[in-house]
Amino acid sequence: MEHLLEELHPTMYLEYHLFGIDLSITKAVILLFLACFIVLLMVWLGGRKKSMVPTGMQNVMESLLDFVRMQMVIDVIGPKGMAYFPWIATLFLMVLVSNIIGLFPKSLAITGETGTTFAWALIVFGMYNVATFKEKGFLGYFKSFAPSGTPVWLMPIIVPIEMIGFWVLRPFSLAVRLFANMTAGHIILLVFTFMAATGAVYIKPLPFVGVVIMLLFEVFVCAIQAYIFAILAGIYVGQAVQEH
Amino acid sequence: MEPQAYAWLGAGLAIGLGAIGPGVGVGMLVAKTVESMARQPEASGMIRTTMFIGVAFAEAIALYALVIAFLLSFK
């Protein structure tokens, strides 16, 4: 079972430490840059020549971005949220592309690394903190921990819960949800592949069919996790922007 | 028993017990979704989208248990 976990660890290409921080170039780093490049290429190809009747990549990008705009920005944050639309669209495309990259053979799930997901969760954390400060002011930021209409005797319970939720649970659950979904999917695929490779001849077809079905399901999970990551970023920012 | 055996036992228990709640939750979610889709077929698109978000949230809790199970079993 140990060598299954070895598969999940990225290959090291160049070991590099800076002031005691591990900045080594691994497979995950290279794939992450590849994901950035693919997103850039998609957007560039989509917006290269704008025609009234879209064709090819422009079609794809228009439907994707319109989906983000309607489902995650207008519906969740409100019309004021269009200022956050580029950020949420970038998050969505980035998570989607890096999830999908992990499904190709010889690659690994970039989002199956805690480093990546925690970094993205920290970006979301920073963004909704800044949004709350900007929209509500310094006092309003702390007032948001005490929802209006709460009885006074409940305050000692509600306020710490809201604080922990705001500062710890939100970024943590964002990161762990994405990480756990991708890692669990890849481990299931690995176990099925392992069974198909080493099992007895008469039992081999069963895990093989399992791999095919799980791979299809993983494509769906990749898309839905990107959607959830982006919509949660939208919801968190939206709570700051909207008046209660 | 060896300490490793306890860890494996704990891993099995973690995912086994941790899957109960999300399982019940996903079941209730889908049941209610089917119910409301049958009542209002014209709103089924929106209901389905909301259901998937809810299912993903419930599923994530089982996956937290899975992470704990893996942490324990590969200790």
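Residues numbered from 1 in each chain as written. Chains lettered and ligands numbered in written order. Predicted model: local features only at pLDDT ≥ 70, side-chain atom pairs only at ≥ 80, totals over all residues. Heavy atoms only, no water.

## Description of the interface of chain A and chain B
Thinking step 1. Opposite the 20 residues of chain A that make contact, chain B presents 13 residues.
Thinking step 2. Buried area between chain A and chain B, summed over both chains or domains, comes out near 1,400 Å², and the portion from carbon and sulfur atoms is 82%.
Thinking step 3. Where chain A packs against chain B, one counts zero salt bridges.
Thinking step 4. If you look at where chain A meets chain B, you find zero residue pairs in polar contact (both at pLDDT 80 or more).
Thinking step 5. If you list the elements that add at least two residues to the side of chain A that touches chain B, you get helix H1 (2–8), helix H6 (155–198) and helix H7 (205–241) of chain A.
Thinking step 6. The class makeup of the residues in the side of chain A that touches chain B is 14 nonpolar, four polar and two charged. (Contact = heavy atoms within 4.5 Å. Buried area = accessible area lost by both parts, 1.4 Å probe. Salt bridge = Lys/Arg side-chain N within 4 Å of Asp/Glu carboxyl O. Polar contact = N/O pair within 3.5 Å; in protein donor to acceptor, adjacent residues only side chain to side chain. Helix = DSSP H or I, 4+ residues; strand = E, 2+ residues; numbered from the N terminus. Nonpolar A, V, L, I, M, F, W, Y, C, P; charged D, E, K, R; others polar.)

## A look at the nonpolar core
Thinking step 1. Counting 56 residues, the largest nonpolar core has A:Met72, A:Ile88, A:Phe92, A:Val124, A:Phe229 and A:Val237 as the members making the most contacts within it.
Thinking step 2. Secondary structure elements with two or more residues in this core: helix H2 (27–47), helix H3 (57–74), helix H4 (85–101), helix H5 (114–143), H6 and H7 of chain A together with helix H3 (44–73) of chain B.
Thinking step 3. Per element, the largest residue contribution to this core is 13 residues, and it comes from H7(A).
Thinking step 4. Residue contacts for A:Phe229: discarding those within four places in its chain leaves A:Leu91, A:Val95, A:Trp120, A:Ala121, A:Val124, A:Leu174 and A:Leu178. (Core = buried A, V, L, I, M, F, W, Y, C linked by side-chain atoms within 4.5 Å. Buried < 20%, exposed > 50% of the residue type's maximum accessible area, 1.4 Å probe, protein only.)

## Brief notes about helix H1 (residues 3–18) of chain B
Thinking step 1. In a regular helix each residue adds 1.5 Å, so 16 residues correspond to 22 Å; H1(B) covers 22 Å between its end C-alpha atoms and thus fits that length.
Thinking step 2. Looking at the buried residues of H1(B), the elements they touch are helix H2 (20–39) and H3 of chain B. (Expected span 1.5 Å × (residues − 1).)

## Notes on the confidence of the model for chain A
Thinking step 1. Residues at a pLDDT of 70 or more form 95% of chain A, whose mean pLDDT is 85.
Thinking step 2. The least confident element of chain A is H1(A), whose mean pLDDT is 58; the most confident is H4(A), at 93. (pLDDT = per-residue confidence, 0-100.)

## Focus: a nonpolar patch on the surface
Thinking step 1. A grouping of A:Tyr13, A:Leu14, A:Tyr16, A:Leu18, A:Phe19, A:Ile21, A:Leu23 and A:Ile30 is seen on the molecular surface, where their side chains present a nonpolar patch of about 850 Å² in accessible area.
Thinking step 2. By secondary structure assignment, the location of A:Leu23 is in the loop between strand E3 (21–22) and strand E4 (25–26). (Patch = residues over 30% accessible without salt bridge, like charges linked within 9 Å, V, L, I, M, F, W, Y side chains within 5 Å. Areas by Shrake-Rupley, 256 points an atom, 1.4 Å probe, with all protein chains shown as cover.)

## Examining the packing of H3(A) against H7(A)
All names here are of chain A.
Thinking step 1. It is the contact of H3 with H7, at a shortest axis distance of 9 Å, that shows an interaxial angle of 50°. Considered as vectors, H3 and H7 are oriented oblique to each other. As for the relative orientation of H3 and H7, their crossing is right-handed in sense. Facing Phe 67, Gln 71 and Met 72 of H3, the residues of H7 in contact are Tyr 227, Ala 230, Ile 231 and Gly 234. (Axes fitted to C-alpha atoms, helices over the stretch in contact; angles between N-to-C directions. Parallel < 35°, antiparallel > 145°, perpendicular 65-115°, else oblique. Left-handed = near helix turned anticlockwise from the far one by under 90°.)

## Regarding the pattern of salt bridges
All names here are of chain A.
Thinking step 1. Counting across every chain of the model gives three salt bridges over all chains.
Thinking step 2. Salt-bridge contacts for Asp 66 lead to Arg 69; the nearest nitrogen and oxygen are separated by 2.9 Å. With a gap of three residues between them, Asp 66 and Arg 69 both fall in helix H3, about one helical turn apart.
Thinking step 3. With relative accessibility at 33%, the residue Arg 69 sits in the partly exposed group.
Thinking step 4. For the salt bridge of Lys 80 with Glu 135, the shortest nitrogen-to-oxygen distance reads 3.5 Å. Placement of Lys 80 in the loop between H3 and H4 and of Glu 135 in helix H5 is noted, with a sequence separation of 55 residues between them.
Thinking step 5. For Glu 135, a relative accessible area of 28% corresponds to the partly exposed category.

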